[in-house]
Amino acid sequence: MSEIPAKATESEDPSEGARARAVDGLASAVGGALAADGVQPGDAMWQSSPPGSIYDYIKVASFSIGPDGLVDQWSLRAEHLFGISAERAVGMDPIETFIDPRHRERGMRKMAEILDGREWTGVVPFRTPKDAGEGECGHEGLAEVYVMPTRTEDGEKAAVCIVVDVRTLRSIETDLAASQAIFSQSPFGFLLIDPDLRVRRVNERFASVFGGTSDDHRGNGVHDYLQRGEAERVAATLRRVLETGSSITDMHVTGFVPGSDERRHWSVNLYRVHSGSGRPIGIAWLGIDITARRAAAREAAAARRNLALLNEAGARIGNSLDLETTARQLLDVVVPGFCDLATVDLYQGLLVGDETPPGLADGSAELRRVAFASAVSDAPFAGTGVPVAVGAVHHYPFNSPCADALRTARPQTVPGEDGGLVQSTLAVPMVAHDTVVGLVQFARTKGSEPFGDRDRDLAVELAARAAVCIDNARLYRREHERALILQRSLLPPGDPEASGLDIACRYLPGNANTGRPSEVGGDWFDVIELPGHRTALVVGDVMGRGLRAAVAMGELRTAVRTLAQLDLEPAEVLSQLDEIARGLGAPGGVQQATRAARRPREADLSEVYLATCVYAVYDSVTRRCTFANAGHLPPVLVEPGEPALMLDVPPGMPLGVGGEPFEEVEVELPEGALLALYTDGLVESRDHPLDEGLQAFVSALSDPTQPLEDVCDHVLNTLDTHHGEDDIALLMARVQGLPTESVGDWTLPREPRSVGRAREYARAQLLSWDLEPLVDTTELLVSELVTNALRYGEGEIRLRLLLDRTLVCEVWDSGLVQPRRRRARDTDEGGRGLQLVGLLSAAWGSRRTPRGKTVWFELPLPDGGPGLPDPAEALLSLF
């Protein structure tokens, strides 16, 4: 590498000239440095430069050359720069040692000029010797050399050389350029803070934000830019960085800039700055304005929060079909995630079941507060006037914001009262299917973030979702109540009574014990009084739920009562019910269903009606009970002193299946025995299988001697009747047969004298029962029935009088022809006997028996009530 051309100057006194120039340069450097620190050169004093000065960076070295051209002095910095110790360097020829052989000749000439007294400055390539520890070729470099001629004590010419590493200078130049770019071109705020936590320098970006020029900020502290609390926090962090050397990344600082009330946010990075010798000299501050990013982050967080709130609302609101529960679910979602206090008011008419609740009327109709939630207080909500307790009925004044929200179906913002807890309230109408069903109020307390447009839209959406669920619950409640009313209207009213039986019953609709509305089911029971002080006991269950099942149950119950009045056998009753059940789902009735069943087709399960039923007929005279079962659970019998047992009654197929006959089982029931009929809801649930439930039911009937009502309560309290999955029907009967003295039974021969004998038997029996007021009427009616049996019947005649709650008279014969009542003409001499029986008795009829028929009539007992018609007047009324 060739030498860079240098300028050499000749002075008359080289030594004096060099010395003068050195002094001038030193004075200039010191003056500039002092001026930079605010100290005038005239005020300067001699002082030592502390470590970390500029010389630590530029690596200035010096050595001297004697008159012989050899090194005679070698500084420590020269050792560091050239890698040669002073012991080796002294006495070396610098040209021979450090200059490339290609340039030595020129170097020799320069050396001669220098020793001749010339001053020289230039850039010289050099290399260290091979044995200097830098490898085979040694270290190569580029040095700027300043040679000043001197004289020795003997007056001989010598030289002093000042050497600077050019590469270091260029590196410093690059660093200075980068530093200048940061201070003038960086889009981020940059500060240099000294150990006293005072600003030494700021870049133009920082000055443009906080005003003034860069020099105006020199000497300021953090308290000049930040509020007290924030400034103290930042100052403590600066001291920690200065003491520990640990850098701080993304420290958030909040403050204001001059001329603006907007709160600004910065992300600040801090790190300690060191001198070339490693001494801490301050802190570098790099700040980025993240106000817009924070606002965007808040918007995104609010959007995510709102979306999460809507998702939670969709998952939690509407799980129940109860109005109050749905309202509470809405408040569980919004408090405290969306607001601090909230209430729900529903129209009172909607809650009491009005068909059309007041919609967009004047907004002042009565409402009931159904739910309240608070994250700050349990006191009633008073955000829009007088506090209203949960459950209270109230209304809003016509000119109030809440009434306006109800009237216009638009949300209204209600400011909080001075001195109150609430900052503002959103009154949002609950609109479902264009109908306002209520009002929900969302309130935030003072100190919370005020409601914005996004919050307003979210409140409307939440209220709309809850309103739809509440309206669905209202419609369901209406249908449920209608179905329940229909179902209960089809069940026996009050406490059933039966001859020879003590009756107790219980009916629990599905979910009645859980407080949750549910569809009604098709369970039913019935107690039907039959002629001859007999009683039919019925328990059935239509498969399915809802209004359809309730209607099917009503049709089957009506059919059972009709068939029972025909006095059919239990198996025949179920056979007829099976045909009726098959016809319920067919458009053409039973016949169409029968014809359709004979040809293959796709079964429409939605139109199939299936039911189970157990039908029993109890005779209080003989204490015998005949059972027939259509797929139902077996009856349970508890005899006195014996454990409860399930009767072995062939179950048969459910009603509606068809094709299978039903079997009968006759059981004699001892006096005091307990008979229980029930549906599957009593003994089966998801948590308890059927076998387990049946065993528990049998075990619960361990003490049947208690009053029958207590036995029913004990059974319901012992079993798992709170599952609410199905209706529960329980019918219990305790056997109390007719006493022997309450039965009169005679057999009469088939001859005319039997008519008079029957009257005598009847008179004597009634007198023994102290029923003298009924003697004449009974004699007349017994005479008519026995006469008919002689004229139209067959075989011997049997007369039976039964005394219980009424007086029943039965005439038996072997004829199969049923008597038929007809209206006799005025010219007819006969045909008025059955008309007379109908006029004088409370009821009459006939039924088939295994050996013929029975004709009967019933008279009320003389207990002070309305008396029977006078026989003479009844006879005259026939003509």
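Residues numbered from 1 in each chain as written. Predicted model: local features only at pLDDT ≥ 70, side-chain atom pairs only at ≥ 80, totals over all residues. Heavy atoms only, no water.

Caption draft 1: The overall build of the protein, seen in detail. Looking only at helices and strands, the protein features 23 helices and 32 strands. Within the protein, the proportion of its 879 residues that are buried is 46%. Taking as baseline every contact in the protein between residues at least 6 positions apart, the subset at least 24 positions apart corresponds to 62%. Of the roughly 44,500 Å² of accessible surface on the protein, a fraction of 51% belongs to carbon and sulfur atoms. (Helix = DSSP H or I, 4+ residues; strand = E, 2+ residues; numbered from the N terminus. Buried < 20%, exposed > 50% of the residue type's maximum accessible area, 1.4 Å probe, protein only. Contact = heavy atoms within 4.5 Å. Areas by Shrake-Rupley, 256 points an atom, 1.4 Å probe, with all protein chains shown as cover.)

Caption draft 2: Quick peek at the nonpolar core. Judged by nonpolar contacts, the single largest core of 57 residues is most densely connected at Trp 524, Leu 537, Leu 577, Tyr 615 and Leu 731. In terms of residues, this core owes the most to one element, helix α15 (residues 547–565), which gives 8 residues. What Leu 537 contacts, discounting residues up to four positions off in sequence, is Leu 501, Ile 503, Asp 526, Val 527, Val 614, Tyr 615, Ala 616, Leu 675, Leu 677, Leu 731 and Ala 733. One finds Leu 310, Phe 338, Tyr 347 and Leu 439 within the second-largest nonpolar core, a separate group that totals 48 residues. (Core = buried A, V, L, I, M, F, W, Y, C linked by side-chain atoms within 4.5 Å.)

Caption draft 3: Looking closely at the environment of Ala 628. If you trace the backbone, Ala 628 turns up in strand β22 (residues 624–630). Sequence separation of Ala 628 and Pro 651 is 23 residues, and the distance between their C-alpha atoms is 7.9 Å. Apart from residues lying up to four places away in sequence, Ala 628 is in contact with Pro 570, Ala 571, Leu 574, Cys 613, Val 614, Tyr 615, Val 649, Glu 663 and Glu 664.

Caption draft 4: Highlighting the sheet that holds strand β8 (residues 199–202). Read across the sheet, 5 strands follow the order β8-β7-β11-β10-β9 without closing on themselves; strand pairing throughout is antiparallel. Of all the strands in the sheet, just β8 and β9 (248–255) have a single pairing partner and so form its edges. This sheet shows a mean twist of 30° between the axes of neighbouring strands, independent of strand direction. Pairing of strand β7 (residues 189–193) with strand β11 (residues 280–289), which is carried by 5 bridges, proceeds in the antiparallel orientation. From the neighbouring strand, Ile 193 faces β11, where its bridge partner is Ile 283. The sheet strands contacting helix α9 (residues 228–244) are β7, β9, β10 (264–274) and β11, and the helix crosses β9 at an angle near 160°. (Pairing = 2+ DSSP bridges. Axes fitted to C-alpha atoms, helices over the stretch in contact; angles between N-to-C directions.)

Caption draft 5: Region of the structure containing α15. A rise of 1.5 Å per residue sets the reference length of α15, with its 19 residues, at 27 Å; its end C-alpha atoms lie 27 Å apart and thus fit the reference within 8%. Considered for burial, the residues of α15 that qualify are Ala 549, Ala 550, Ala 552, Met 553, Gly 554, Leu 556, Arg 557, Ala 559, Val 560, Leu 563 and Ala 564. Immediately downstream of α15, the backbone of Asp 567 shows phi near 60°, a positive value. (Expected span 1.5 Å × (residues − 1).)

Caption draft 6: Focus on the pairing of strand β16 (residues 422–432). When you tally the buried positions in β16, you get 9 out of 11 residues, the bulk of the element. For strand β15 (residues 412–415) and β16, the ladder comprises 4 bridges, and the chain directions are antiparallel. Within β16, the residue paired with Gln 412 across the bridge is Ala 427. Here β15 folds back onto β16 in antiparallel fashion, the turn holding 6 residues, of which Gly 419 has a positive phi close to 80°.

Caption draft 7: Inspection of the confidence of the model for the protein at higher detail. For the protein, per-residue confidence averages 81 on the pLDDT scale, and residues scoring 70 or more make up 82% of the total. Every residue in residues 1–45 scores below 50 in pLDDT, and together they form 41 contacts with partners more than four places removed in sequence or on other chains. Every residue in residues 512–517 scores below 50 in pLDDT, and together they form 12 contacts with partners more than four places removed in sequence or on other chains. (pLDDT = per-residue confidence, 0-100.)

Caption draft 8: Examining the sheet that holds strand β13 (residues 367–374) more closely. A sheet is described by the order of its strands in space; here 6 strands give the open sequence β14-β13-β12-β17-β16-β15, paired in antiparallel fashion. A strand with exactly one partner marks an edge of an open sheet, and here the two such strands are β14 (393–394) and β15. In the packing of helix α11 (residues 323–334) onto the sheet, contacts are made with β12 (341–347), β13, β16 and β17 (435–445), and the angle to β13 comes to roughly 30°.

Caption draft 9: Structural detail: the pairing of strand β27 (residues 728–735). Taking burial as the measure, the 8 residues of β27 include 8 buried ones, the bulk of the element. The side-chain alternation of β27 yields two buried faces, one formed by Ile 728, Leu 730, Met 732 and Arg 734 and the other by Ala 729, Leu 731, Ala 733 and Val 735. Bridge count for strand β18 (residues 501–508) against β27 is 8 bridges, and the pairing is antiparallel. Residue pairing in the sheet places Ala 504 in a bridge with Met 732 of β27.

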